[in-house]
Amino acid sequence: NLVAGPGNRAGTLSAFHNNETAPCTTTHEIDYRADTISMTFPRACFGKPEWIKADAFAQREVPPSGSEGSYELYYDQGRSAGRAGDYNNRLFRGDGS
């Protein structure tokens, strides 16, 4: 989970395995000019799987304009015209594509 935005442009990265924070060292880089993000983490974070699946999307929360109402959520699928939650094909070790 990479969270970045106003006040945190460098971002904060957390790895999750089985819906819990994985106890491992992660690194990331956001290049706003190139419009790219790279993340690295050891396979051991996830039990050394042969492959993983990932999703990439942007989410924006817009607060209600008045005292009533709820936040509006906007999503942008990062890899395609698909919707958030559409996972990619399997990613294998060292697959930098």
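Each remark here, short or long, concerns the structure printed above.
Residues numbered from 1 in each chain as written. Predicted model: local features only at pLDDT ≥ 70, side-chain atom pairs only at ≥ 80, totals over all residues. Heavy atoms only, no water.

A. Spatial organisation of the environment of E29. Tracing the sequence through the fold places E29 in strand 5 (residues 27-31). Distance from E29 to M39, taken between C-alpha atoms, is 6.6 Å for residues 10 residues apart in sequence. Not counting residues within four places of it along the chain, the set of residues in contact with E29 comprises T36, I37 and S38. (Helix = DSSP H or I, 4+ residues; strand = E, 2+ residues; numbered from the N terminus. Contact = heavy atoms within 4.5 Å.)

B. Geometry of the environment of H17. Mapping H17 onto the fold places it in strand 3 (residues 16-17). By relative accessible area, H17 is classed as partly exposed at 32%. Separated by 29 residues in the primary sequence, H17 and F46 place their C-alpha atoms 5.8 Å from one another. Dropping the residues within four chain positions of it, H17 is found in contact with A22, C45 and F46. (Buried < 20%, exposed > 50% of the residue type's maximum accessible area, 1.4 Å probe, protein only.)

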